[in-house]
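# Inside the fold
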Amino acid sequence: MDPVGIAAAPDAGPGPAWRSKCPWGAPNTTSISCSLADVMSEQLAKELQLEEENAAFPEVVAVDEGPFITGENVDTSSDLMLAQMLQMEFDREYDAQLRREEKKINGDSKVSISFENYRKVHPYDSDSSEDEVDWQDTRHDPYRADKPTTTPRRGFVGKGKDITTKHDEVVCGRKNTARMENFAPEFQVGDGIGMDLKLSNQVFNALKQHAYSEERRSARLHEKKEHSTAEKAVDPKTRLLLYKMVNAGMLETITGCISTGKESVVFHAYGGNATEDKVIPPECAIKVFKTTLNEFKNRDKYIKDDYRFKDRFSKLNPRKIIRMWAEKEMHNLTRMQNAGIPCPQVVSLKKHVLVMSFIGQDQVPAPKLKDVTLSSEDMKKAYYQILNMMQQLYKECNLVHADLSEYNMLWHDGKVWLIDVSQSVEPTHPHGLEFLFRDCRNVSQFFQKGGVAEALNERELFNAVSGLNITADNEVDFQAEIEALEKMNEDHVQNHGKKLSMFSSDGDPPIYDE
């Protein structure tokens, strides 16, 4: 075949200057004439491609690559190298055979099997992030079990014998397990879905009720901690009262808690500067009455039936009753102090915080009578001292302790001190004589067990303290006469409006001395 010349378009010749500068003008192109054999030449195509690559990547520097591992450039004198090459070739052939088997078995099936674990040569992991799946960006969590599917609106699935209704035991059990995730976060339910747990309706309802109860209880406890005095701690309002006492100079510093009880918490503090009208002891005891009402629900009878506070009790809200409780202990301690009975000295009262003198030394409180070991002489001495204090408390202070026992008596400086008189009432209280008889029983039993032969029984001690002459042979008749006297006195007070006792006595009670 004769070569055919491919001519370019004739030159347009010189044109206006604006045509060469205008971007929309026709470009001046010149075509290179070549033969058809040159166009079909493969070598020319490679040269043109190489020119284009060099023009596109002019800064690319060719890197000298090492020789490939082939049979021509490998040292065949090494048996180890030859063995490795043969093993590599065998592994590749084995993997190719596995891929053919996979293709033959799977075919066009949607469920396929893989021999990946049996391959000899595994492909290298790609560094590209295209194949990686970020589970944070996906809606489906592979580590979380799927929730059970819901029953369709028609109420059943399947046909014939394979029908499954919404009341199916397995379906309901899985649904109940999934519903547990709606409980409060504080209620730990575990991974019931992952374990395919099936809860019956009875168990689920019980757990649901328990979860709601725990949620309400935790809410009440949280609110109570914010507004009440907790165990060995104080609420913000009480803490502010203590700060004011320290800033005013009444107290120098508060060292810590020394005693806790159902009704109050007692702290130790060092006294501050004394004033003209107030003497502050070196060591003080701060009794903080708890502002919760749970402990006072069963003890309101000590104050609502007391004639000193009866009129004020009905007009106060429940939380102010706690302040009245502290005020009542202050008045009772003042009466006992004026009568010369060993008891803490009142320093100050601020709402529900009562500051008293500390019974003890160097931050160590005096031991309770139940915790101290006394000799027979000291035990006898303590008994007669308590007997005299009960008589003074009844006649001079016009009070009944109402909770007298070895738990509320301290042993300090060789004598007994009375504490915790917030529940003390007057004998005219509707249950005053009952409280006195209970105190006599506690004192009599303690000292009789302590080996005091002179200790009177509870009925003799009651007559000795009150001055009454109740001659009953047994305890039941004795308490019946006490209740009759209380009823008589209550009727007299209601009819005449007087706060005087109508108990008949044969003069003053005898004073027992050692």
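Here, the structure is the one placed above.
Let me begin by describing the structure that accompanies this report. This structure is a prediction, so every number in the text was calculated from the model and none was measured. Each residue is numbered by its place in its chain's sequence as written, counting from 1. Only residues with pLDDT of 70 or above have their local features reported here, since the model is predicted, and side-chain atom pairs are shown and tallied only from 80 upward, although totals for entire chains, interfaces and linings are computed over all residues. Each side-chain value is worked out from all heavy atoms of the structure, with water and hydrogens disregarded.

Quick look at the overall build of the chain now. Strands are runs of DSSP state E lasting at least two residues, helices are runs of H or I lasting at least four, and both sets are numbered from the N terminus onward. Helix and strand counts for the chain stand at 14 helices and eleven strands. Accessible area is worked out with a 1.4 Å probe on protein chains only. A residue is then buried under 20% of its type maximum, exposed over 50%, and partly exposed in between. Scored against the burial criterion, the 514 residues of the chain give a buried share of 33%. Every residue pair with non-hydrogen atoms within 4.5 Å of one another is taken to be in contact. Look at the contacts in the chain between residues 6 or more apart in sequence, and 60% of them connect residues 24 or more apart. Only the protein chains shown count as cover for residues, and all accessible areas are computed by the Shrake-Rupley method using a 1.4 Å probe. For the chain, the accessible surface area stands at approximately 35100 Å², while carbon and sulfur atoms represent 51% of it.

How two aromatic rings sit relative to each other is set out by the distance from centre to centre and by the angle between their planes. Aromatic pairs are defined between Phe, Tyr and Trp rings, using the six-membered ring for Trp, whenever the two ring centres lie within 6.5 Å; interplanar angles under 30 degrees are classed as stacked, those over 60 as edge-to-face, and all others as tilted. One pass over the full model with this rule turns up eight aromatic pairs. Ring centres of Phe183 and Phe204 lie 6.0 Å apart, and the angle between their planes is 20°; this geometry places the pair in the stacked category. Of this pair, Phe183 sits in the loop between helix 5 (169-179) and helix 6 (201-227) while Phe204 sits in helix 6; the two residues are 21 residues apart in sequence, bridging distant segments of the chain. Taken individually, Phe183 and Phe204 each receive the classification buried, so the pair is uniform in this respect. Measuring from centroid to centroid gives 5.4 Å for Phe437 and Phe478, while their planes differ by 35°, and the two rings are tilted. Linking Phe437 in helix 12 (residues 432-449) with Phe478 in helix 14 (residues 475-496), this pair joins segments that are 41 residues apart in sequence. You can call Phe437 buried: its relative accessible area is 3%.

Further remarks concern a nonpolar patch on the surface. To count toward a patch, a residue needs a relative accessible area above 30% and no salt bridge. Like charges then connect within 9 Å, nonpolar side chains (Val, Leu, Ile, Met, Phe, Trp, Tyr) within 5 Å. Any carboxyl oxygen of Asp or Glu that lies within 4 Å of a side-chain nitrogen of Lys or Arg is treated as forming a salt bridge with it. A grouping of Phe90, Tyr94 and Tyr118 is seen on the molecular surface, where their side chains present a nonpolar patch of about 350 Å² in accessible area. When you line up the elements, Phe90 lands in helix 4 (residues 79-106). Owing to a relative accessible area of 48%, Phe90 belongs among the partly exposed residues under this scheme.

This part covers helix 11 (residues 376-395). Along its 20 residues, helix 11 runs 29 Å from first to last C-alpha, staying within 8% of the 28 Å computed at 1.5 Å per residue. Where helix 11 is concerned, the buried positions are Met379, Ala382, Tyr383, Tyr384, Gln385, Ile386, Leu387, Met389, Met390, Gln391, Leu393 and Tyr394. Each helix should span, by expectation, one fewer than its residue count multiplied by 1.5 Å.

A few words now on the packing of helix 11 against helix 13 (residues 458-466). At a closest axis distance of 8 Å, the pairing of helix 11 and helix 13 adopts a crossing angle of 50°. Judged by the angle between their axes, helix 11 and helix 13 are oblique. Residues Tyr383, Leu387, Met390, Gln391, Tyr394 and Lys395 of helix 11 form the contact with helix 13, whose participating residues are Leu461, Ala464, Val465 and Ser466. Three classes are used: nonpolar for Ala, Val, Leu, Ile, Met, Phe, Trp, Tyr, Cys and Pro, charged for Asp, Glu, Lys and Arg, and polar for all others, with Gly counted as polar. Considering only residue class, the contact of helix 11 with helix 13 consists of seven nonpolar, two polar and one charged. For helices, the axis comes from a line fit to the C-alpha atoms of the stretch in contact; other axes are also lines fit to C-alpha atoms, and the angle between any two N-to-C directions lies between 0 and 180 degrees. Any angle that falls under 35 degrees is termed roughly parallel, while one over 145 is termed roughly antiparallel, one within 65 to 115 roughly perpendicular, and all others oblique.

The next subject is the sheet that holds strand 7 (residues 353-357). Overall, antiparallel pairing links the five strands, which are arranged 3-4-5-7-6 in an open sheet. Edge positions in the sheet fall to strand 3 (251-260) and strand 6 (346-350), since each has one partner strand and no second. Within this sheet the neighbouring strands show an average axis-to-axis angle of 25°, counted without direction. Any two strands with at least two DSSP bridges between them are considered paired.

Helix 13 packs onto helix 12 with a crossing angle of 125° between their chain directions and a minimal axis gap of 8 Å. If you check the angle between helix 12 and helix 13, you find them oblique. Crossing geometry of helix 12 relative to helix 13 is assigned as right-handed. For the pair helix 12 and helix 13, contact is made by Leu433, Leu436, Phe437, Cys440, Arg441, Val443 and Ser444 and by Glu458, Arg459, Leu461, Phe462, Val465 and Ser466, respectively. Looking at the contact of helix 12 with helix 13 residue by residue, the classes come out as eight nonpolar, two polar and three charged. Left-handed is the label given to a crossing in which the near helix is rotated counterclockwise from the far helix by less than a right angle, and right-handed is the label when the rotation is clockwise.

Turning to a negative patch on the surface, a few remarks are in order. We count Lys and Arg on the positive side and Asp and Glu on the negative side, and we leave His and both chain ends out. Charge positions come from single atoms, namely NZ of Lys, CZ of Arg, CG of Asp or CD of Glu. Together, Glu47, Glu51, Glu52 and Glu53 make up a negatively charged patch on the protein surface. Inspection of the secondary structure assignment puts Glu53 in helix 3 (residues 42-56).

Here the focus is the environment of Trp411. Take Trp411: it is sitting in strand 10 (residues 409-412). Residues Trp411 and Leu369 lie 42 residues apart in sequence; the distance between their C-alpha atoms is 5.9 Å. Excluding anything up to four places from it in sequence, Trp411 contacts Ala366, Pro367, Leu369, Val372, Leu374, Asp378, Ala382 and Val416.

With that settled, the discussion passes to helix 4. Helix length check: helix 4 (28 residues) gives 41 Å between terminal C-alpha atoms against 40 Å at 1.5 Å per residue, within 8%. Regarding helix 4, the residues found buried are Asp91, Asp95, Leu98, Glu102 and Asn106. Once helix 4 finishes, Gly107 follows within two positions and takes phi at roughly 60°, a positive value.

It is worth spelling out unusual backbone geometry at this point. Notably, Gln363 is not glycine yet its phi reads approximately 65°, a positive angle. One can find Gln363 in the loop between strand 8 (360-361) and strand 9 (364-365). A residue is classified by how much of its surface remains accessible, and Gln363, at 36% relative accessible area, is partly exposed. If you check the backbone angles, Asp413 has positive phi at about 60° while not being a glycine.

This paragraph deals with the side chain of Ser422. With respect to the element layout, Ser422 can be found in the loop between strand 11 (415-418) and helix 12. For Ser422, a relative accessible area of 0% corresponds to the buried category. Nitrogen and oxygen atoms within 3.5 Å of one another constitute a polar contact, given that in protein one can donate a hydrogen and the other can accept it, and given that sequence-neighbouring residues count only through two side-chain atoms. Among the polar contacts listed, one links the side chain of Ser422 to the side chain of Gln423, at a separation of 3.5 Å. With near-sequence residues (within four places) excluded, Ser422 lies in contact with Glu263, Phe289, Trp325, Lys328, Glu329 and Asn332.

So, on to the pairing of strand 10. Residues Met409 and Trp411 line one face of strand 10 and the alternating positions Leu410 and His412 line the opposite face, and both faces are buried. Across four bridges, the pairing between strand 10 and strand 11 is antiparallel. Of the residues in strand 11, the one forming a bridge with Leu410 is Trp417. Joining the antiparallel neighbours strand 10 and strand 11 is a turn of two residues, in which Asp413 adopts a positive phi near 60°.

Attention now moves to the side chain of Asp439. Counting through the fold element by element, Asp439 comes out in helix 12. Comment: no salt bridge for buried Asp439; closest opposite-charge side chain is Arg438, at 4.7 Å. Here Ala402 takes part through its backbone nitrogen, which lies 2.8 Å from a polar atom of the side chain of Asp439. In this structure, Asp439 is in contact with Met390, Val400, His401, Ala402, Asp403 and Leu404, ignoring residues within four places of it in sequence.

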